[in-house]
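Overview (structure and organization)
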Amino acid sequence: MKAVQLMGPEDVRVNEVPDPTIQLQTDAIVKVSHTAICGADLLPYHGYTPGFEFGTILGHEFVGTVTELGDAVTGITIGQRVVNTSMTSDGTCGHCRANRVTQCDDRALFGYSGVYPKLDGGQAEFVRIPNASRTLWGVPDDVSNEDAIFVADILPTGFAAVQRGNVSNGDLVVVLGCGPVGLMAIIASVGVARRVIAVDGIFDRRKLAESLGATAVEPGEATAKLVNQLSHGIGADVVIEASGSVPAMQSAFGLARPQGVVSVVGAHFEPDFPLNNGVMFEKELTLIFSVGNPTKDRERMFAAIQSGKFSPSKVLTHQIPLEDAAMAYAAFDKKEMTKVVLVTGA
Ligand SMILES: [Zn+2]
């Protein structure tokens with residue numbers, strides 16, 4: 001089969017590799033139709049992921065059809081259209097039993113190695129699914145592949161930013177970074193918050209944010225001024241950091257109101273960060289980090305899509321043949337494409 005492998009820093013290739021096979025009776029095999037590139041894929045792409053094994057097949061967001069099932073898989077049938085959860089979990093460890101499935105002792109992230117145990121991803125024609133009864137979810141007939149793929153990771157991640165940030169009725173919310181995850185946080189906070197301010201340096205991303213119901217503004221002075229004006233100088237109730245950048249983290253503490261929340265869903269791997277404890281203490285700020293939890297939230301996400309409240313595919317800017325993955329990665333990395341889905345030939 002064809003698979004997108006990261007062979008070295010910034011060296012993405014579509015290679016011919018053996019088809020995956022069932023290894024445990026809890027596995028399934030999925031024939032992938034649509035598979036997205038995520039901002040988190042850019043970390044190994046640039047060689048920032050400690051211990052990443054080159055040759056790993058990338059991709060942790062995909063939709064496809066079940067072609068093989070181990071004997072122990074329940075709730076999923078051959079031929080069913082399914083979406084994955086970005087991370088696997090066993091359902092039985094202490095974390096899973098306490099509803100912390102993203103911290104599962106057995107967790108692995110599709111398309112990653114090094115920071116998690118190696119698990120080949122879904123940017124391929126076929127992918128092996130561990131713990132398939134939990135890792136796969138049937139896509140309802142009335143939901144398109146283009147909407148469903150967002151349930152694998154980034155829609156629950158945007159939702160987690162809003163929910164764990166405790167966004168409440170009437171809040172002023174600032175979303176720093178209008179990449180795909182920031183845009184999902186906007187989708188999830190519009191309708192709950194009084195006002196959502198979307199901050200990004202790229203014009204097209206600000207336009208997308210506005211089309212989703214946010215008020216978009218450029219980073220820096222313009223953002224501070226707008227937040228001041230809309231909050232009568234009090235500050236934002238919740239600042240969602242969705243860019244994964246250090247300057248955005250730093251600006252978040254200034255934009256948040258006293259006793260406000262800084263809710264981080266941008267991926268951060270820098271070991272040292274100059275946290276200003278003085279500001280944290282004076283303002284009594286809450287700082288919370290989240291990765292999305294598709295296992296917990298996917299049913300609710302599908303319900304919101306089916307009801308028309310959430311239309312995540314609005315942010316899908318490019319659909320590209322799997323064969324052109326190297327070009328797609330380069331363009332996505334340069335932010336020339338906002339959200340990219342690779343489509344297999346099938
Ligand atoms: Zn577990």
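Just so it is clear, the model here is predicted, and its values are computed rather than measured.

The next thing to look at is the overall build of the protein. Within the protein one finds twelve helices and 15 strands. Taking 20 Å as the expected radius of gyration for a compact globule of 346 residues, we find that the protein reaches 20 Å, a close match to that expectation. Seen along its three principal axes, the alpha-carbon backbone of the protein occupies a region of about 60 × 40 × 40 Å. A buried classification covers 54% of the 346 residues belonging to the protein. Residue pairs in contact within the protein that sit at least 24 positions apart in sequence constitute 67% of those at least 6 positions apart. With the model as given, the accessible surface of the protein reaches about 14500 Å², and the carbon-plus-sulfur share is 50%. Separation between the mean location of the 27 positive side-chain charges and that of the 38 negative ones in the protein comes to 6 Å.

Quick look at helix 9 (residues 246–255) now. Buried within helix 9 are the following residues: Ala248, Met249, Ala252, Phe253 and Leu255. Each buried residue of helix 9 lies within a common arc of 165 degrees when the element is viewed along its axis, so the set occupies one face. With respect to the buried face of helix 9, the exposed residues turned more than 90 degrees away are Pro247 and Gly254. Buried residues in helix 9 make contact with strand 8 (172–176), helix 8 (221–230), strand 11 (236–241), strand 12 (256–264), helix 10 (277–283) and strand 13 (286–289).

A word on the pairing of strand 2 (residues 11–16). Across six bridges, the pairing between strand 1 (residues 2–8) and strand 2 is antiparallel. Bridge assignment links glycine 8 to a residue of strand 2, and that residue is aspartate 11. The antiparallel pairing of strand 1 with strand 2 creates a hairpin that spans two residues between the two strands, and glutamate 10 there sits at a positive phi of about 55 degrees.

Looking at the secondary structure, you find alanine 303 in helix 11 (residues 294–306). Here alanine 303 falls in the partly exposed class, since its relative accessible area comes to 42%. As a C-alpha pair, alanine 303 and glycine 39 span 264 residues in sequence and 25 Å in three-dimensional space.

The six strands are arranged 10-9-8-11-12-13 in an open sheet whose pairing can be described as parallel. Single-partner strands in this sheet number two, and they are strand 10 (215–217) and strand 13. When strand polarity is set aside, the average angle formed by the axes of neighbouring strands in this sheet is 20 degrees. Here four bridges tie strand 12 to strand 13, and the two strands are oriented parallel to one another. Note that in strand 13 the partner of serine 263 across the bridge is isoleucine 288. Against the sheet, helix 8 contacts strand 8, strand 9 (195–199), strand 10 and strand 11, and its axis sits at roughly 175 degrees relative to strand 9.

On to the coordination of the zinc ion, then. Bound to the zinc ion on the protein side are Asp90 (OD), Cys93 (SG), Cys96 (SG) and Cys104 (SG), at distances that span 2.1 to 2.3 Å. Coordination at the zinc ion is tetrahedral: its four donor atoms span angles of 99 to 118 degrees at the metal. All donor residues of the zinc ion come from one chain, and their arrangement in sequence is D-x2-C-x2-C-x7-C. Pair noted here: cysteine 93 is in the loop between strand 5 (81–84) and helix 2 (94–97) and cysteine 104 is in the loop between helix 2 and strand 6 (126–129), with a separation of eleven residues, a long-range link. Each member of the pair, cysteine 93 as well as cysteine 104, carries the same accessibility label: buried.

One finds Ile186 and Ile240 to be the most contacted residues of the largest nonpolar core, which totals 55 residues. Sorting the residues of this core by element identifies helix 5 (154–164), strand 8, helix 6 (180–189), strand 9, helix 7 (203–211), strand 11 and helix 11 as the ones contributing at least two each. Sorting elements by how many residues they give to this core places helix 6 first, with seven residues. Not counting chain neighbours up to four residues away, the residues in contact with isoleucine 186 comprise Val175, Cys178, Val196, Ala198, Ala209, Leu212 and Ala214.

A few words now on the side chain of serine 86. Residue placement: serine 86 occurs in the loop between strand 5 and helix 2. Once residues lying within four places of it in the same chain are set aside, the contact partners of serine 86 are His60, Ala108, Leu109, Phe110, Ala152, Asp153 and Pro294.

Attention now goes to the pattern of salt bridges. Summed over all chains, the structure comprises eight salt bridges. Residues arginine 13 and aspartate 11 are paired through a salt bridge, measuring 2.7 Å at the closest nitrogen-oxygen approach. Close ionic contact of aspartate 27 with arginine 128 constitutes a salt bridge, the shortest N to O distance being 2.7 Å. With aspartate 27 in the loop between strand 2 and strand 3 (28–37) and arginine 128 in strand 6, this residue pair connects regions lying 101 residues apart in the sequence. Arginine 128 matches aspartate 27 in its accessibility class, with the two residues each being buried. By sharing partners, the salt bridges in this structure join Lys296, Asp297 and Arg300 into a single network.

Scoring rules and cut-offs
- Residues numbered from 1 in each chain as written.
- Predicted model: local features only at pLDDT ≥ 70, side-chain atom pairs only at ≥ 80, totals over all residues.
- Heavy atoms only, no water.
- Helix = DSSP H or I, 4+ residues; strand = E, 2+ residues; numbered from the N terminus.
- Rg over C-alpha atoms; globule rule 2.2 N^0.38 Å.
- Buried < 20%, exposed > 50% of the residue type's maximum accessible area, 1.4 Å probe, protein only.
- Contact = heavy atoms within 4.5 Å.
- Areas by Shrake-Rupley, 256 points an atom, 1.4 Å probe, with all protein chains shown as cover.
- Lys, Arg positive; Asp, Glu negative; His and termini not counted.
- Charge placed at Lys NZ, Arg CZ, Asp CG, Glu CD.
- Arc of directions from axis to C-beta.
- Pairing = 2+ DSSP bridges.
- Axes fitted to C-alpha atoms, helices over the stretch in contact; angles between N-to-C directions.
- Donors = N, O, S within 2.8 Å, 3.2 Å for Na, K, Ca; no water.
- Tetrahedral: all angles 85-135°; square planar, octahedral: opposite > 155°, others 65-115°.
- Core = buried A, V, L, I, M, F, W, Y, C linked by side-chain atoms within 4.5 Å.
- Salt bridge = Lys/Arg side-chain N within 4 Å of Asp/Glu carboxyl O.

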